[in-house]
Amino acid sequence: MFGKVLIANRGEIALRVHRACQEMGIRTVAVHSTADATAMHVRLADESVCIGPPPARDSYLNVAAILSAATITGADAVHPGYGFLSENARFAEMVEAHGLKFIGPSPDHIRMMGDKIAAKDAMRRLDVPLVPGSPGALDSLDEARAIAEQIMYPVLIKAAAGGGGRGMKVARDASEIEEAWRVARTEAKSAFGDDSVYLEKYLDRPRHIELQVLADNHGNVVHFGERDCSLQRRHQKLVEEAGSPVLTAADREALGARVTAGLSKIGYRNAGTLEFLWQDGQFAFIEMNTRLQVEHPVTEMVAGIDLVKEQIRIAAGEPLGYTQTDIRFNGHAIECRITAEDPETFAPSPGRVNTYHAPGGLGVRVDSALYSGYTVPPHYDSLVAKLIVHAPSRPEAIARMRRALNEMVVAGIRTTLPLHQAVMDDAEFQSGDYTIHWLERFVASRQG
Ligand code: ADP
């Protein structure tokens, strides 16, 4: 096992990885920008190294500085968390080239799945069902038109290098295709430096359901069931549940069997998540994330597993030590992503947190790097806390979340706590009958 792990991230996820390491007897190295010198991940780590000024490109994306930090502290492995360099194949290669272990999949798999067109191609070959669309990248607007006519509007033009909901445009009919083509390409170019786009049928009322997998270096691949992440705004998740209110055990098993067989064929290893849209009882693959997801805690709660410890054990070469039939699901879990944003306008609200009080009690988990007196810097993602609850049933989990949200205090900045309270109080959310479009309408109705 590793003696020391460098955590190439910040905020709650850096803490999350630190906690797993601590319990495993592994020392941790935090890296931080000058804006994060007093951050909780720096305070709790065994050692810390400043890697640059506040802008992420100069610090958390600064590969040379991170590798130097790993070298001078004598780390054995690097955990990338999510975001930043977590899906950068080149970074994974450089970590390994420096004689360190990258806690994640192989660079080849990161590269394959990072290109959404290549990922869909791979899944097609593995017999995983896909959203209908263009067979590859679109060469021209004429090709986009022809495919859209064939699969019928509405369609979505998506960036091959996409992420975070960027570079994605809907064309409801032929009159909108030119604009969608142009905007998606421009956005893709500026966000990812790559303007390749592809086209998909735009599903009008799907749910977003994703499957968590783990694979070791000894040919074992298992899944840990699904997460329902349909509550989204601008294609970004706000609330996640495990399991999905609409999926049966038979659906889960059928999808899981197909996916694990496929990943075993390509020799995938470490953690991964396959994202699907689910409509009319059918799954359609949209993308695979080759890293830990923000919403991984809901899976941990229902499956009784520590996914980060498993990632570390796998990277150290240990076999899983269990099979699919050993994995059981217990109860229901919900996560609310609490961000430093205005709950109605979503305007960013960084600044000083005068008072922070975390909720507690049975079945409540808070993953957060907040503390009273902490100043949320304006330079990074606005996520400040993940509130996760676990209970025997979905109604009990909702009741627990309402109670925990009421207890939680983040004073001094605006947060999305009131929005989460309103969602949990809503009868339609409680019924479980919602699609990926539900939250946008809910937010609009609150804005009046
Ligand atoms: P990103 O990598 O930017 O997050 P995804 O491909 O994962 O992009 O899609 C993000 C979200 O966008 C999905 O969860 C879903 O809400 C929506 N979306 C993506 N593809 C489609 C589609 N074909 N039809 C309808 N909604 C879609």
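Residues numbered from 1 in each chain as written. Predicted model: local features only at pLDDT ≥ 70, side-chain atom pairs only at ≥ 80, totals over all residues. Heavy atoms only, no water.

Student: Could you clarify how one ought to interpret the site of the ligand in this entry?
Tutor: Around the ligand, the surrounding shell holds 22 residues, and the nearest of these are Gly 165, Lys 201, His 208, Gln 232 and Glu 287. A distance of 3.0 Å separates a nitrogen atom of the ligand from a polar backbone atom of Leu 203. One of the side-chain nitrogen or oxygen atoms of His 208 is found 2.7 Å away from an oxygen atom of the ligand. Protein chains bury 96% of the 550 Å² of accessible surface belonging to the ligand in isolation. (Near = heavy atom within 4 Å. Polar contact = N/O pair within 3.5 Å; in protein donor to acceptor, adjacent residues only side chain to side chain. Areas by Shrake-Rupley, 256 points an atom, 1.4 Å probe, with all protein chains shown as cover.)

Student: I would appreciate a short explanation of the pairing of strand β11 (residues 236-242) in the present structure.
Tutor: Side-chain direction in a regular strand flips from residue to residue, so the side chains alternate between the two faces of the sheet. Counting buried positions along β11 yields 6 of 7 residues, so the element is predominantly enclosed. Counting the residues in the hairpin turn of strand β10 (residues 221-233) and β11 gives 2 residues, including Arg 234, whose phi is positive at 50°. Pairing geometry for β11 and strand β14 (residues 332-339), over 4 bridges, is antiparallel. Paired with Glu 241 across the two strands is Ile 334, which belongs to β14. (Buried < 20%, exposed > 50% of the residue type's maximum accessible area, 1.4 Å probe, protein only. Helix = DSSP H or I, 4+ residues; strand = E, 2+ residues; numbered from the N terminus. Pairing = 2+ DSSP bridges.)

Student: Would you take a moment to explain empty space enclosed by the protein for this structure?
Tutor: Empty space among the atoms becomes visible once a probe the size of a water molecule is rolled across them. Throughout the structure, instances matching the rule amount to 2 cavities of 30 Å³ or more. Taken as a whole, the largest cavity encloses approximately 40 Å³ of empty space. If you trace the largest cavity, you find it lined by Ile 117, Lys 120, Asp 121, Arg 124, Ser 134, Pro 135, Gly 136 and Tyr 198. If you tally residues by element for the lining of the largest cavity, the top one is helix α6 (residues 116-125), at 4 residues. Looking at the second largest cavity, its volume works out to about 40 Å³. Lining of the second largest cavity is provided by His 79, Pro 80, Gly 81, Ser 86, Ile 103, Gly 104, Pro 105, Thr 290, Arg 291, Leu 292 and Gln 311. A breakdown of the residues in the lining of the second largest cavity according to their chemical character gives 4 nonpolar, 6 polar and 1 charged. Taken domain by domain, the makeup of the lining of the second largest cavity includes at least three residues from each of domain 1 (4-96) and domain 3 (207-446). (1 Å grid on protein atoms, 1.4 Å probe; cavity = no way out; pocket = protein on both sides within 12 Å on 5 of 7 lines; lining within 4 Å. Points joined across faces, edges and corners; volume = space filled by probe spheres on them. Nonpolar A, V, L, I, M, F, W, Y, C, P; charged D, E, K, R; others polar. Domains from an automatic or database assignment.)

Student: I tried to follow helix α4 (residues 89-97) on my own but got confused; where do I start?
Tutor: Every α-helical turn comprises 3.6 residues, leaving residues that sit three or four positions apart pointing alike. Every buried residue belonging to α4 is among Ala 89, Phe 91, Ala 92 and Val 95, and all of these are buried. One side of α4 carries all its buried residues, which in axial view fall inside an arc of 160°. Its buried side turned inward, α4 meets α3 (63-73), β4 (77-79), β5 (101-102) and α5 (107-114). In this structure Asn 88 caps α4, since a side-chain oxygen of it lies 3.1 Å from the backbone nitrogen of Arg 90. (Arc of directions from axis to C-beta. Contact = heavy atoms within 4.5 Å.)

Student: Help me out: how do you make sense of the environment of Ala 160 in this one?
Tutor: By the secondary structure assignment, Ala 160 is in strand β6 (residues 155-163). Given a relative accessible area of 3%, Ala 160 falls into the buried group. Residues Ala 160 and Gly 243 lie 83 residues apart in sequence; the distance between their C-alpha atoms is 29 Å. If we skip the residues at most four places from it in the chain, Ala 160 touches Gly 114, Asp 115, Lys 116, Ile 117, Ser 196, Val 197 and Tyr 198.

Student: Honestly, the pattern of salt bridges in this entry has me stumped. Any pointers?
Tutor: Where side chains of opposite charge bring their charged atoms close, a pairing between them can arise. Evaluated as defined, the whole model comprises 34 salt bridges. Notably, a salt bridge pairs Arg 337 with Glu 295, separated by 2.9 Å at the nearest N-O pair. With Arg 337 in strand β14 and Glu 295 in the loop between β13 (282-289) and α10 (296-303), the pair connects residues that are 42 residues apart, well separated along the chain. For the pair shown, Arg 337 and Glu 295 are each scored as buried. For Arg 313, the salt bridge is made with Glu 310, and the minimal N-O distance between the two is 3.2 Å. Of the two residues, Arg 313 and Glu 310 both sit in helix α11 (residues 307-315), 3 residues apart, roughly one turn of that helix. A single network of salt bridges, built from pairs that share partners, joins Glu 210, Arg 227, Lys 237, Glu 240, Glu 275, Glu 295 and Arg 337. (Salt bridge = Lys/Arg side-chain N within 4 Å of Asp/Glu carboxyl O.)

Student: Explanation requested: the domain arrangement of the protein in the structure shown.
Tutor: It is common to give the size of an interface as the accessible area lost on bringing the parts into contact. Annotation of the protein at the domain level lists domain 1 (4-96), domain 2 (132-201) and domain 3 (207-446). Every contact between the two is made by 6 residues of domain 2 and, on the other side, 4 residues of domain 3. When domain 2 packs against domain 3, close to 380 Å² is buried across both sides, 49% of that on carbon and sulfur atoms. Connecting domain 2 to domain 3 are 0 salt bridges. (Buried area = accessible area lost by both parts, 1.4 Å probe.)

Student: How do you make sense of the pairing of strand β8 (residues 197-201) when you look at a structure like this?
Tutor: Burial analysis of β8 places 4 of its 5 residues in the buried class, which makes it a mostly covered element. When β6 meets β8, the two strands line up antiparallel, connected through 5 bridges. Bridged to Ala 159 within β8 is Val 197.

Student: What should I look at first to understand the sheet that holds β8 in this one?
Tutor: In sheet architecture, strand pairing relies on hydrogen bonds along the backbone and comes in two forms, parallel and antiparallel. Overall, antiparallel pairing links the 3 strands, which are arranged β7-β6-β8 in an open sheet. Among the strands making up the open sheet, the edge pair consists of β7 (166-171) and β8. Adjacent strand axes in the sheet meet at a mean angle of 25° when their direction is disregarded. Summarising the sheet, β6 and β7 pair through 5 bridges and their orientation is antiparallel. Bridge assignment links Leu 156 to a residue of β7, and that residue is Val 170. Sheet contacts for helix α7 (residues 141-151): β6 and β8; angle to β8, the most-contacted strand, approximately 15°. Packed on one face of the sheet, helix α8 (residues 177-192) meets β6, β7 and β8 and runs near 175° to β7. (Axes fitted to C-alpha atoms, helices over the stretch in contact; angles between N-to-C directions.)

Student: Can you walk me through the nonpolar core in this structure?
Tutor: The tendency in soluble globular proteins is for nonpolar side chains to be buried side by side. Judged by nonpolar contacts, the single largest core of 45 residues is most densely connected at Leu 387, Val 423 and Met 424. The set of elements that each furnish at least two residues to this core consists of α2 (40-44), β11, β14, β17 (364-368), β19 (383-391), α12 (394-407), α13 (417-425) and α15 (438-447). Counting contributing residues, this core receives three or more from each of domain 1 (4-96) and domain 3 (207-446). The residues contacting Val 423, other than those within four sequence positions of it, are Leu 231, Phe 429, Trp 438, Leu 439 and Phe 442. Ala 20, Leu 214, Ala 303 and Ile 314 belong to the second-largest nonpolar core, a separate cluster that totals 29 residues. (Core = buried A, V, L, I, M, F, W, Y, C linked by side-chain atoms within 4.5 Å.)

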